[in-house]
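# Secondary and tertiary structure notes
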Amino acid sequence: MSRRRTASTKKKLALLVTAAAVAGGGAFALATTSNASQTNTQNAKTLSAPNSTVCQGLATALGNNQSFIAGQKANPDAQSAARIANREAVIAQIKVQQKASGCTVGESAQGSQTAPAQSAPAATATSKATPPAGNTGTGAAAGSQVCNGSTVTLSGEAGAPAASSNQFPAGTTLKVTNLDNNKSTTVKVTSVSGSCVLLNNAAFEQVREPGKFLIRRALIQKVG
């Protein structure tokens, strides 16, 4: 009887130890799962957070197009209605991009640091975009830097690589270099805008950094 009782007691102790180990392992597994869940949640939040540079670039593009429309409405000509309709379509597309990027839809900012906000409508009054007195426009020598300090963004327009400007007339050739990646594009000005230089989609793709809609450090040169 003594041996049986001793063996039975040992079996009970072994079962209790095993049960405790299983319970401990389960607690460890639950803790590990909880930590992994928290990590995944944090990663998801990080991935879903909007990129401030992307949002600023889109806001700048929106502001430039709105400035252009305001100028056309203030000083209309025979082509103003068509230009306004085109830019309104561009603005609609920019808002779609803002929503997709997690930015504030409709957020607007003016990107050019050298073009005075109040002079933009006057600069867009005619299709020739005659530069105001004192600006580095057509008087700049070929190869010289112009619009020093200006940021560059996209107009949102389709077509072959081209630019628009409120300081250079149609036909002017400009070279835009992104100093952050040393990529450059040489394009002709084909229309007017609310800032020194806006690149259309094709031209901007040649010099942009992936995922960015704004060139903060740009070298703009008049080629001819």
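Residues numbered from 1 in each chain as written. Predicted model: local features only at pLDDT ≥ 70, side-chain atom pairs only at ≥ 80, totals over all residues. Heavy atoms only, no water.

Here the focus is the pairing of strand β7 (residues 218-222). The buried count for β7 comes to four of five residues, which makes it a mostly enclosed element. Summarising the sheet, strand β3 (residues 173-178) and β7 pair through five bridges and their orientation is antiparallel. Bridge pairing links T177 to L219 in β7. (Buried < 20%, exposed > 50% of the residue type's maximum accessible area, 1.4 Å probe, protein only. Helix = DSSP H or I, 4+ residues; strand = E, 2+ residues; numbered from the N terminus. Pairing = 2+ DSSP bridges.)

The next subject is helix α3 (residues 80-100). Here α3 is 21 residues long and its end C-alpha atoms lie 30 Å apart, about the 30 Å a rise of 1.5 Å per residue gives. Taken together, the buried positions of α3 are S80, R83, I84, R87, V90, I91, I94 and Q98. The arc that holds the buried residues of α3, viewed along the axis, is 125 degrees, so those residues lie on one side. Exposed side of α3, more than 90 degrees from the buried face: A81, K99 and A100 are the residues found there. (Expected span 1.5 Å × (residues − 1). Arc of directions from axis to C-beta.)

Glancing now at the sheet that holds β3. Sheet architecture is open: seven strands sit in the order β6-β1-β5-β2-β4-β3-β7, paired in mixed fashion. Pairing within the sheet leaves two strands with one partner each, and these edge strands are β6 (214-215) and β7. Lying on the sheet, helix α2 (residues 52-74) is in contact with β1 (152-154), β5 (198-199) and β6; it crosses β1 at an angle near 75 degrees. (Contact = heavy atoms within 4.5 Å. Axes fitted to C-alpha atoms, helices over the stretch in contact; angles between N-to-C directions.)

Okay, the packing of aromatic side chains next. Summed over all chains, the structure comprises zero aromatic pairs. Lying over the aromatic face of F68, R87 brings its terminal NZ or CZ to 4.0 Å of the ring centre. In this arrangement the basic side chain of R208 is found over the ring face of F213, its NZ or CZ atom lying 4.6 Å from the centre. (Phe/Tyr/Trp six-rings, centres within 6.5 Å; stacked < 30°, edge-to-face > 60°. Lys NZ or Arg CZ within 6 Å of the ring centre and 35° of its normal.)

Let's shift gears to the confidence of the model for the protein chain. In the predicted model, the protein chain carries a mean pLDDT of 73, and 62% of its residues have values of at least 70. Mean pLDDT across the elements of the protein chain bottoms out in helix α4 (residues 120-123) (33) and peaks in β3 (96). Here residues 113-136 is a poorly scored stretch, pLDDT under 50, and it has 49 contacts once near neighbours within four places are set aside; other chains count. (pLDDT = per-residue confidence, 0-100.)

So, on to the side chain of S164. As for its position among the elements, S164 is in strand β2 (residues 163-164). Exposure remark for S164: the relative accessible area of 1% places this residue in the buried category. Other than its neighbours up to four places away in sequence, S164 contacts R87, V189, S191, V192, S193, C196, V197 and L198.

Counted according to the given criterion, the structure contains two disulfides. Here C55 pairs with C103 through a disulfide, and the sulfurs are 2.1 Å apart. Sign of the S-S torsion, about -85 degrees for the bond between C55 and C103, identifies this disulfide as left-handed. Here the residue C55 occupies a position in helix α2, and C103 occupies one in the loop between α3 and α4, the gap between them amounting to 48 residues. Note on accessibility: C55 and C103 belong to one class, buried. The disulfide partner of C147 is C196, and the S-S distance across this bridge is 1.7 Å. Residues C147 and C196 share a disulfide whose torsion about the S-S bond is about 75 degrees; that sign makes it right-handed. Taken together, the positions of C147 in the loop between α4 and β1 and C196 in the loop between β4 (183-191) and β5 put the pair 49 residues apart, joining distant regions of the chain. (Disulfide = S-S within 2.5 Å.)

Time to look at the packing of α2 against α3. The N-to-C vectors of α2 and α3 enclose an angle of 160 degrees; their axes lie 9 Å apart at closest approach. Relative to α3, α2 is oriented roughly antiparallel. Of the two elements, α2 crosses α3, and the hand of that crossing is left-handed. Between α2 and α3, the residues in contact are L58, A59, A61, L62, N65, Q66, F68, I69, Q72 and K73 and S80, R83, I84, R87, E88, V90, I91, I94, Q97 and Q98, respectively. For the contact of α2 with α3, the per-class residue count stands at 10 nonpolar, six polar and four charged. (Parallel < 35°, antiparallel > 145°, perpendicular 65-115°, else oblique. Left-handed = near helix turned anticlockwise from the far one by under 90°. Nonpolar A, V, L, I, M, F, W, Y, C, P; charged D, E, K, R; others polar.)

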